[in-house]
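# Summary of structural features
Residues per chain, in single letters:
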Amino acid sequence: MPYLRYKNSPCWCSHCGTQLNFKMKFYSTNKQAPLVDFREATILGQAPDKGLYFPEYIPAVPPSMCTNPGAYPKAEIAFEIMYPYTKEVISKSELQDIVQQTVDFKFPLVPVNEQVFSLELFHGPTMAFKDVGARFMSRCLAKFGQYIDSRIIVLVATSGDTGGAVAAGFANVPGIDVVILYPSKKVSEIQELQLLTGGENIRALEVIGNFDDCQRLVKQAFADKDLCQQVTISSANSINVARWLPQQFYYFFALQQWPIIEMPPVISVPSGNFGNICAGLLAKKSGLAVSHFIAACNSNDVIPRFLVDGNYSAQVAKATLSNAMDVGDPSNFVRILELYQHNLNALKKDMSSFSFDDHLTASCLKTIYSQYAYLPDPHGTIGFLGLQKYLQQHPEEKGIFLETAHPVKFKQVMEQLIDQDIEIPEQVQNLFKLPQRKTRIAPEYDILKSLLLEMR
Ligand SMILES: *Cc1c(COP(=O)(O)O)cnc(C)c1O
């Protein structure tokens, strides 16, 4: 099957008036599946050949928006980023509504010291950056669901933050039910609360097992032809294009607030599945001025090692303090390779990657708090460490780390580290007042299947 390599051409520019007329298609990174549009890619999630969908073209964001993002409202930037990808399947006014609702909270850039800023991505409904992708995706699926006769069941396994963001994104969305599988006793108290209070159309299944059991059950459901003939199931996995692409937004929002226009920042991204940093690299390809990216990892160091010797060897995930990044085989990394056309040297010019263990994370978190009176969470701390390491070698530069979750989400761990209580924000306190719903199940596929069939 012939596949186009992406062309880095300005395909849409509403400001200078250029509009190249072509349809945006997505191909599978395994190149054994048909091309699809944004709607099909969103509904399918993963390509039938098990590859990830990737756009044929990388659109250029209007140059004035890249050089002077501060002059534009957030929603307008978000619209310009997404429109080339969605123009065949979502109208302008619908997309305007979707992005408006998606970015309807703060993304403050907070100075931590002379060289380092924190981009706080935790001001959304579930206090993690995944809110952005989940909100965008849920609104797209709600729209696309109108073309499908039956209700859509969104099925997702979570080790923590994904489930909450997906539950909040889909709460009360007509035509859609969400089934979330989470490992019993392995998510934090607040994370679980977010899963159980999602509303009428959100069903939380507490699986008596671990995250791998949850993921296995979900995979079994997608592979079950009999089930798929009777119900429409869709995944809200982080590889979905409708979650991946909108993550570019806040890199532009960071630049809106960046004080030193003539010196682009280094941006450090705490990374697990590598979807977030891949969106940042895509934003750079689309025109955003970023001097360098750091993929900051915990002890799960597959990518830092890959960048050293070019050998990719997946591992079993190790448990760490930054649990949302405990990934031994990062699924989005193939998209980064695709973006750089598998040229490792070109990638290394734009991205470095470092790994830090729990011991360093704990001591650095305490230092940031005591020296700069700023309290990061364990994930943001890894981002800080990555940035600090790079800046030691490049003292003339300044940078940003992404603070991907609110520290309160890891309350217990945090309180042990800083030996202080962390106040629970009002939005979480309100969750304690809501009715909680959950079903406990043994990790057996037949049980899941009959639950799903009952939902028809
Ligand atoms: C999911 C998550 C990450 C990792 O993001 P990837 O896109 O998987 O690299 C980092 N921090 C937090 C708090 C997360 O929830």
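Whatever comes next refers back to the structure up there.
In this text the structure is predicted, and so the values were computed from the model without any measurement. (Residues numbered from 1 in each chain as written. Predicted model: local features only at pLDDT ≥ 70, side-chain atom pairs only at ≥ 80, totals over all residues. Heavy atoms only, no water.)

### Some remarks on the environment of A221
Its place among the elements puts A221 in helix α8 (residues 211-223). With 231 residues separating them along the chain, A221 and L452 place their C-alpha atoms 9.3 Å apart. Sequence-distant contacts of A221, defined by excluding residues within four places in its chain, comprise L155, L227, C228, I233, Y445, L448 and L452. (Helix = DSSP H or I, 4+ residues; strand = E, 2+ residues; numbered from the N terminus. Contact = heavy atoms within 4.5 Å.)

### Points about the site of the ligand
For the ligand, the set of nearby residues contains 15 residues, the closest of which are K130, D161, G272, N273 and T404. Here an oxygen atom of the ligand sits 2.7 Å away from a polar atom, N or O, in the side chain of D161. F274 places a main-chain nitrogen or oxygen 2.9 Å from an oxygen atom of the ligand. Protein contacts shield 96% of the accessible area of the ligand, which totals 390 Å² for the unbound molecule. Split into classes, the residues belonging to the shell around the ligand amount to six nonpolar, seven polar and two charged. (Near = heavy atom within 4 Å. Polar contact = N/O pair within 3.5 Å; in protein donor to acceptor, adjacent residues only side chain to side chain. Areas by Shrake-Rupley, 256 points an atom, 1.4 Å probe, with all protein chains shown as cover. Nonpolar A, V, L, I, M, F, W, Y, C, P; charged D, E, K, R; others polar.)

### A closer look at unusual backbone geometry
A positive phi angle, near 60°, is found at K31, a position not held by glycine. Looking at the element boundaries, K31 is found in the loop between β1 (26-28) and α1 (38-44). Judged by its relative accessible area of 27%, K31 falls in the partly exposed class. Phi angles above zero are rare outside glycine, and N172 is one such case at about 60°. Inspection of the secondary structure puts N172 in the loop between α6 (161-170) and β6 (176-183). (Buried < 20%, exposed > 50% of the residue type's maximum accessible area, 1.4 Å probe, protein only.)

### Thoughts on the packing of α6 against helix α7 (residues 189-196)
Packing of α6 against α7 brings their axes to within 8 Å, and their N-to-C directions diverge by 30°. It follows from the interaxial angle that α6 and α7 lie roughly parallel. Once α6 is placed against α7, the crossing between them reads as left-handed. Taken together, the residues of α7 that come into contact with α6 (itself represented by D161, G163, G164 and A167) are Q191, Q194 and L195. Taken together, the residues that form the contact of α6 with α7 break down as two nonpolar, four polar and one charged. (Axes fitted to C-alpha atoms, helices over the stretch in contact; angles between N-to-C directions. Parallel < 35°, antiparallel > 145°, perpendicular 65-115°, else oblique. Left-handed = near helix turned anticlockwise from the far one by under 90°.)

### Re empty space enclosed by the protein
For the structure shown, the criterion picks out two cavities of 30 Å³ or more. Here the largest cavity defines a volume of roughly 40 Å³. What the second largest cavity holds in volume is close to 40 Å³. What lines the second largest cavity is simply P59, A60, V61, E80, I81, P84, Y85, Q248 and S286. Classifying every residue of the lining of the second largest cavity by side-chain character gives six nonpolar, two polar and one charged. (1 Å grid on protein atoms, 1.4 Å probe; cavity = no way out; pocket = protein on both sides within 12 Å on 5 of 7 lines; lining within 4 Å. Points joined across faces, edges and corners; volume = space filled by probe spheres on them.)

### Describing the sheet that holds β6
Strand order in the open sheet formed by five strands is β8-β5-β6-β7-β13, with parallel pairing between adjacent strands. Of all strands in the sheet, those bounded by a partner on one side alone are β8 (232-235) and β13 (439-441). Across this sheet, the average inter-strand angle for adjacent strands is 30°, counted without regard to direction. Bridge count between β6 and strand β7 (residues 202-207): six bridges; the pairing is parallel. Looking at β7, one finds that L181 is bridged to L205. Contacts between α6 and the sheet are confined to β5 (152-157), β6 and β7, with β6 contributing the most and set at about 165° to the helix. Contacts from helix α20 (residues 445-454) reach β5, β6, β7 and β13 within the one sheet, and its direction differs from that of β7 by about 170°. (Pairing = 2+ DSSP bridges.)

### Looking at the pattern of salt bridges
Enumeration over the complete set of coordinates arrives at 13 salt bridges. The salt bridge involving R151 is made with D177; its shortest N-O contact spans 2.8 Å. Of this pair, R151 sits in the loop between α5 (130-144) and β5 while D177 sits in strand β6, placing them 26 residues apart in sequence. A residue is classified by how much of its surface remains accessible, and D177, at 11% relative accessible area, is buried. (Salt bridge = Lys/Arg side-chain N within 4 Å of Asp/Glu carboxyl O.)

### A short note on the packing of helix α16 (residues 358-372) against helix α18 (residues 411-418)
Direction vectors running N to C along α16 and α18 enclose 70°, while the axes themselves pass 10 Å from each other. Classified by the interaxial angle, the pair formed by α16 and α18 is roughly perpendicular. Touching A362, L365, K366 and Y369 of α16 are M414, L417 and I418, all from α18. Broken down by class, the residue content of the contact of α16 with α18 amounts to six nonpolar, no polar and one charged.

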